[in-house]
Amino acid sequence: MRVLGFGCRIIVFLALWMGVQAEIYVVTVEGDPVISYRGGVPGFEATAVETDENFDPTSLFVTSYAQHLEKKHDMLLGMLFNHGSYEKLYSYKHLLNGFAVHISPDQAEILRRAPGVKSVERDWKVRRLTTHTPQFLGLPTGVWPLDGGFDKAGEDIVIGFVDSGIYPHHPSFAAHHTEPYRPVPKYRGKCEFDPDTKRDFCNGKIIGARHFAKAAIAAGAFNPTIDFDSPLDGDGHGSHTAAIAAGNNGIPVKMHGYEFGKASGMAPRARIAVYKALYRLFGGFVADVVAAIDQAVHDGVDILSLSVGPNSPPATTKTTFLNPFDATLLAAVKAGVFVAQAAGNGGPFPKTLVSYSPWIASVAAAIDDRRYKNHLTLGNGKILRGICLSPATHPNRTFTLVAANDVLLDSSVMKYSPSDCQRPEVLNRNLVEGNILLCGYSFNFVTGTASVKKVSETAKSLGAVGFVLAVETVSPGTKFDPVPVSIPGILITDVPKSMELIDYYNVSTPRDWTGRVRSFKAVGSIGDGLMPILHKSAPQVALFSARGPNIKDFSFQDADLLKPDILAPGSLIWAAWSPKGTDEPNYVGEGFAMVSGTSMAAPHIAGIAALVKQQHPHWSPAAIKSALMTTSTKLDRAGRPLQAQQYSETEEMKLVSATPFDYGSGHVSPRAALDPGLIFDAGYEDYLGFLCTTPGIDVHEIRNITNSQCNNSIGHPSNLNTPSITVSHLVGTQSVSRTVTNVAEEETYVITARMHPAIAIETSPPAMTLKPGASRKFMVTLTVRTVTGTYSFGEICLKGSRGHKVRIPVVAMGYWR
């Protein structure tokens, strides 16, 4: 996330008396938070949620105990430090018992030694990690009709977004074109007022809106001019993710006079609750994010969509699962909230995930079946492929090509990189007008200091009929996305093709002895790039999507837990954008944007989870996650095994066979998830068992974070009842148990398993019959046959007599004794 400068005189004064070394710390203290308090403090009744269900934060017991915790936080700080020498930013009461405070490192040491203090961790940063995807996922015909149509899909389900805020005036979030929204009594959130318009941000569709920036302000990172001291989205990211999950159906995506389809969220009738904790330049701080999550759960959201994650594994805790961020989410799940989190954008390299824990649905990003292509036809007959969402030049005509470097008004402007075509004032309009402007794609486009949008504006302002951007060198990891523009344009992304263009231009352009052009003879025409092409080779795992194996600690040791969990569309996703958003240079000032990232994949799962929650309101978060995972697919539209984008030896993009480390259980199949047949359920105690049996985790660390003892054990972390099996260090033979619960009619299931030959796999019993609501355990035995030094992959399939098919991936690496 991000950080900004704040010039307020009060903050300057605070910085003076707190010292330049003051930093933000997240502190946890002894005593249970509301979610797990079972009584024992005189005068305060128990408030604990015993199972994974929503709790009532408005009860007198909860509010009085929460106030008690906050007073204890204030008393502790007041006893240790002089008034004015510290600034408490937040009290965490519902999911964690602790607070965020702005103090000096010396004061932090005093806090660490204070009785009753369990942990003091320096705050760290986090970062932000559609028109077609509803059809691609089969929602309009396969899912929405089951909920009464798109105008009922997600009704009364509240999705909370911890992101960069929202642009409330966007048609994707309008309430006046729909059937009136009725109150949602279970939701208790509030709406802040826009300090400029004096109107609140809510309208029935948007049901709550708050912002959290105390840590960003204390760090001197917040600039109210561009970050907005309100839930208003100054980035674009938050509006985009909210629209993907819960935006209104049938919203025309219009830009530059062209319509690119009609946008819809996955659950278009779901409500949106905004908890802004991410900002334009710096991302955000964990102290603010934890406060936002705590508030969202307190307010009563059903689903949390988190397109946010740490920059790296947490260095302040030994394990990835026990940092304050993940621990807060564990408490949220205990409260009955389903959490979808972006897996991260560090792919295609292994161990790049930034979403680690079993209680979270970690979402990888896929490319769907829609591709945009365009072409440039040269005067010598060659056709060069490229991308750009642009109209074509006039049919049956060619136009002269003029290179930016050849039409400079003054050669001294070379220091401004005129070939980027970002500055129309340095180019000669008389030479450009009526022609196609030829520009160069430099590293400035990668850093964001140049944009295709600006090239288009430059060409248009000079009277050009179009533009061409030639990519002469490609840095590893550079990603080219099509950009909508108002005039004919094309980006030639292939370097050899760009060289063909440049060679043709140079050969066709006579010059005098000084190098000045005598006449422009190169010609060409630009095709129509507005129409998408639908491919059957979809979905594919996107190049940028983070990969497993999952890690359990800062030293990158493998965990006995498969991540990511599931794959969803995350590449070139059209959705709402904030006109005030500046996150994407090509969409500044626009109402829609087409962007990519696991940030876009997570809200797909959040919205689909809302549809499952609507159908099955009493299912636990683990049950919803299980339904999504066990019904996913490992095949593309052509019926072939999923492929993943990967780098070749020459750093070109290639396709390879995908594995569970790329896609988890597979690509989401929403219709099947509504009727999974069986679920693998788990709850808070099960997650504690996972933590308590994971090697390398100190039981005192678990107690400090969860306020729970390790008095129950599942034997081995692989026995956690997840819809996947991972054994990162298989020696000899190991048996793993799983329990399934029937959520349909009575059915008999036959259990089969297959595995890479290096690992033998057996299941017992071979079949079982379950009545509605019944649960049964089965065993999976894995045996090392050959030590390969790599992971082996397989799967277990439970095929039901009524047609249900339940599939879970199996991952193991064998070692000799």
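Worth saying up front: this structure is predicted, and the values here are computed from it rather than measured.

*Asks:* Just checking my understanding: could you explain the UniProt feature "active site" (unreviewed entry) in the chain for this structure?
*Replies:* Annotation from UniProt places "active site" (unreviewed entry) at Asp 163, His 237 and Ser 599. The named residues occupy 437 residues along the chain; their greatest pairwise C-alpha distance, 10.0 Å, places them in one compact cluster. Along the chain, Asp 163 turns up in strand S6 (residues 158-163). Relative to the helices and strands, Ser 599 is located in helix H15 (residues 598-615).

*Asks:* Help me understand the pattern of salt bridges, please; the structure alone is not making it clear to me.
*Replies:* Close approach of charged atoms allows side chains with opposite charge to pair. Scanning the model with the defined rule gives 27 salt bridges in all. Lys 186 is the partner of Asp 302 in a salt bridge, and the nearest nitrogen-oxygen pair spans 2.8 Å. One end of the pair, Asp 302, is in the loop between helix H9 (286-299) and strand S12 (303-306); the other, Lys 186, is in the loop between S6 and strand S7 (206-211), and 116 residues separate them in sequence. Owing to a relative accessible area of 3%, Asp 302 belongs among the buried residues under this scheme. Between Arg 754 and Glu 795 there is a salt bridge, with its nearest N and O atoms 3.6 Å apart. Here Glu 795 lies in strand S38 (residues 792-800) and Arg 754 lies in strand S34 (residues 747-755), a separation of 41 residues in the sequence. Look at Glu 795 and you get buried, because its relative accessible area is 12%. Within this structure, Glu 155, Asp 156, Arg 182, Arg 269 and Arg 271 form a network of salt bridges that share partners.

*Asks:* Even after reading the chapter, I still don't get the state of the cysteines, so can you show me in this structure?
*Replies:* Formally, a disulfide is one covalent bond, and it connects the sulfur atom of one cysteine to the sulfur atom of another. Following the criterion strictly, the structure yields 3 disulfides and no others. Each sulfur in the disulfide pair Cys 421 and Cys 439 lies 2.0 Å from the other. On the sign convention where negative means left-handed, the S-S torsion of about -100° between Cys 421 and Cys 439 marks this disulfide as left-handed. Remark: Cys 439 occurs in strand S20 (residues 436-440) and Cys 421 occurs in the loop between strand S19 (399-403) and helix H11 (429-432); sequence separation between them is 18 residues. By relative accessible area, Cys 439 is classed as buried at 4%. Once the disulfide-bonded cysteines of the chain are ranked by sequence position, their pairing pattern turns out to be 1-2, 3-4, 5-6. This cysteine, Cys 388, is not joined by any disulfide, and Cys 439 carries the nearest cysteine sulfur, 11 Å off.

Each value, and the rule that gives it
- Per-chain numbering applies: the sequence of each chain, read as written, is numbered from 1 onward.
- Predicted model: local features are reported for residues with pLDDT of at least 70 only, side-chain atom pairs are reported and counted for 80 or more only, and whole-chain, interface and lining totals are derived from all residues.
- Heavy atoms from the whole structure form the basis of all side-chain values; hydrogens and water molecules are not counted.
- UniProt positions are given in the numbering used here, feature names are shortened, and annotations may be inferred rather than shown by experiment.
- The helix count covers DSSP runs of H or I at least four residues long, the strand count covers runs of E at least two residues long, and both are numbered beginning at the N terminus.
- Think of a salt bridge as a Lys or Arg side-chain nitrogen and an Asp or Glu carboxyl oxygen that are within 4 Å of each other.
- To sort residues, take the accessible area from a 1.4 Å probe on protein chains only and compare it with the maximum for the residue type: under 20% means buried, over 50% means exposed, and anything in between is partly exposed.
- In this description, a disulfide is simply a cysteine sulfur pair whose atoms lie within 2.5 Å.

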